[in-house]
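# Residue-level structure breakdown
Listed below, chain by chain, are the residues.
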Amino acid sequence: MNIDFLKKELATVLSKKRYEHSIRVLNTALALGEIYNANLNEIAIASLLHDYAKEFTREELIKISKEHFTEETKDYITNVEILHSYVASYIAKDKFKIDNTDILNAIKFHTTGRKNMSLVEKIVYVADAIEPKRDYPYVEEIRDLALVNLNKAILLEVNKKIEHLIKGNYVIHINSIEMRNWLLKIS
Ligand SMILES: [Fe+2]
Ligand SMILES: [Fe+2]
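In short, a report on the structure. Residue positions are counted from 1 within each chain, in the order its sequence is given. Whichever chain is written first becomes A and whichever ligand is written first becomes 1, with later ones labelled in order. Thresholds applied to this predicted model are a pLDDT of at least 70 for local features of residues and 80 or more for the giving and counting of side-chain atom pairs; totals over whole chains, interfaces and linings are not thresholded and use all residues. Heavy atoms from the whole structure form the basis of all side-chain values; hydrogens and water molecules are not counted.

## Points about the layout of surface pockets
Using protein atoms alone on a 1 Å grid, points that fit a 1.4 Å probe yet trap it form a cavity, whereas open point sets bounded by protein on both sides within 12 Å along at least five of seven lines form a pocket; residues with an atom within 4 Å of a point count as lining. Grid points are joined across faces, edges and corners, and a volume is the space filled by probe spheres set on the points. If you add up the space inside the largest pocket, you get close to 1100 Å³. As for the largest pocket, its lining consists of 35 residues, and the residues nearest its centre are Glu81, Arg134, Glu157, Lys161 and His164. For helices the rule is a DSSP run of H or I covering at least 4 residues; for strands it is a run of E covering at least 2, with both sets numbered from the N terminus onward. Every element with two or more residues in the lining of the largest pocket is listed here: α2 (16-35), α6 (80-94), α8 (119-130) and α10 (150-167). Top contributing element to the lining of the largest pocket by residue count: α10, with seven residues. Three categories are distinguished: nonpolar for Ala, Val, Leu, Ile, Met, Phe, Trp, Tyr, Cys and Pro, charged for Asp, Glu, Lys and Arg, and polar for the others, with Gly belonging to the last. Tallied by class, residues from the lining of the largest pocket come to ten nonpolar, nine polar and 16 charged.

The structure is reproduced here in structure tokens:
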């Protein structure tokens, strides 16, 4: 898959602001990929496509999710923040003919995470959370940890995210809870 081609495609569906976020995620994820000896090509494709569906309409997101991820999204079908990840993985497969499981899962689980994430999944997940323009409590600590221990970085990130979700009385995706419990066990 040609990276410049993907960038051009991405620019047609995202606002400048979201396109630039995707490029920062790409660069952050590639830097982490170097540190952890991950497959940089997989990381580049997943990073570029992770938010491909971010600006799809609510109707489109719900329609594609109901059609292609019926079981997985049924409890979260009005939560477009979660649906955009599933829909982007569908686009990666359907439009860009990507069949690499690590790439598809890194896109699909970039919002919620999940237990037993692969290295590529972890890198895209954490890069999305720490790209240079991200600014929220503990982001510096998460950035520092990501350079030395991905599991601990994601554990801190998900703990803070869950605290935030509880404070705002928002739904917590079951995958995030399972990821947290898995990371607690292994890190
Ligand atoms: Fe996203
Ligand atoms: Fe993102």
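## Focus: α6
Relative to the 21 Å expected for 15 residues at 1.5 Å per residue, α6 spans 20 Å between its end C-alpha atoms, a close match to the ideal helical length. Between buried and exposed lies partly exposed: a residue is buried under 20% and exposed over 50% of the maximum accessible area for its type, with that area taken using a 1.4 Å probe on protein chains only. Along α6, the residues classified as buried are Ile82, Leu83, His84, Ser85, Tyr86, Val87, Ala88, Ser89, Ile91 and Ala92. Close packing links the buried residues of α6 with α3 (40-49), α4 (58-68), α5 (70-73), α7 (101-108) and α11 (174-186). Helix span, as expected, comes to 1.5 Å for every residue beyond the first. Pairs of residues are marked as contacts when any of their non-hydrogen atoms sit within 4.5 Å.

## As for α10
Look at α10: 26 Å from first C-alpha to last across 18 residues, which is about the 26 Å you get at 1.5 Å a residue. When we look at burial in α10, the residues that qualify are Leu150, Asn151, Ala153, Ile154, Leu155, Leu156, Glu157, Val158, Ile162 and Leu165. If you follow the buried residues of α10, they end up packed against α8, α9 (139-148) and α11. In the analysis that follows, any N or O atom pair within 3.5 Å is treated as a polar contact, provided that within protein one partner can donate a hydrogen and the other can accept it, and provided that, for residues neighboring in sequence, both atoms belong to side chains. Capping the start of α10, Asn149 holds a side-chain oxygen 3.1 Å from the backbone nitrogen of Asn151, two or three residues further along. Of the residues one or two after α10, Asn169 is the one with positive phi, at around 60 degrees.

## Focus: the side chain of Asn105
The topology assignment puts Asn105 in helix α7. With a relative accessible area of 15%, Asn105 lands in the buried category. Leave out the neighbours within four places in its chain, and Asn105 touches Arg114 and Glu121.

## Re the coordination of the iron ion (ligand 2)
Those donors, His21 (NE2), His50 (NE2), Asp51 (OD) and Asp128 (OD), are the protein atoms that reach the iron ion (ligand 2), and they lie 2.2 to 2.3 Å from it. Only N, O and S atoms count as donors, using a 2.8 Å limit from the metal and a wider 3.2 Å limit for Na, K and Ca, and since water is excluded some coordination spheres may look unfilled. Of note, the donors binding the iron ion (ligand 2) are all from one chain and are spaced H-x28-H-D-x76-D. Between the iron ion (ligand 2) and the iron ion (ligand 1) the interatomic distance amounts to 3.6 Å, and Asp51 serves as a bridging ligand to the pair. Taken together, the residues His21 in helix α2 and Asp128 in helix α8 connect sequence positions 107 residues apart. Taking relative accessible area as the criterion, His21 reaches 8% and is therefore assigned buried. Taking relative accessible area as the criterion, Asp128 reaches 10% and is therefore assigned buried.

## Here's the deal with the environment of Leu156
With respect to the element layout, Leu156 can be found in helix α10. Classification of Leu156 by relative accessible area gives buried; the value is 19%. Between the alpha carbons of Leu156 and Tyr138 there is a distance of 8.2 Å; along the sequence they are 18 residues apart. Setting aside its immediate chain neighbours within four residues, Leu156 contacts Tyr138, Glu141, Ile142 and Leu145.

## So, the packing of aromatic side chains
Ring pairs are drawn from Phe, Tyr and Trp, using the six-membered ring of Trp, whenever the two centres fall within 6.5 Å, and their geometry is named by plane angle: stacked under 30 degrees, edge-to-face over 60, tilted for the rest. Summed over the entire model, instances satisfying the criterion amount to five aromatic pairs. Ring centres of Phe5 and Phe96 lie 6.2 Å apart, and the angle between their planes is 75 degrees; on these two criteria the pair is classed as edge-to-face. Remark: Phe96 occurs in the loop between α6 and α7 and Phe5 occurs in helix α1 (residues 3-13); sequence separation between them is 91 residues. You can call Phe96 buried: its relative accessible area is 6%. When the centroid spacing of 5.7 Å and the interplanar angle of 80 degrees are considered together, the rings of Tyr52 and Phe96 count as edge-to-face.

## What to know about unusual backbone geometry
The phi dihedral of Asn37 falls on the positive side, at around 55 degrees, and the residue is not glycine. Mapping Asn37 onto the fold places it in the loop between α2 and α3.

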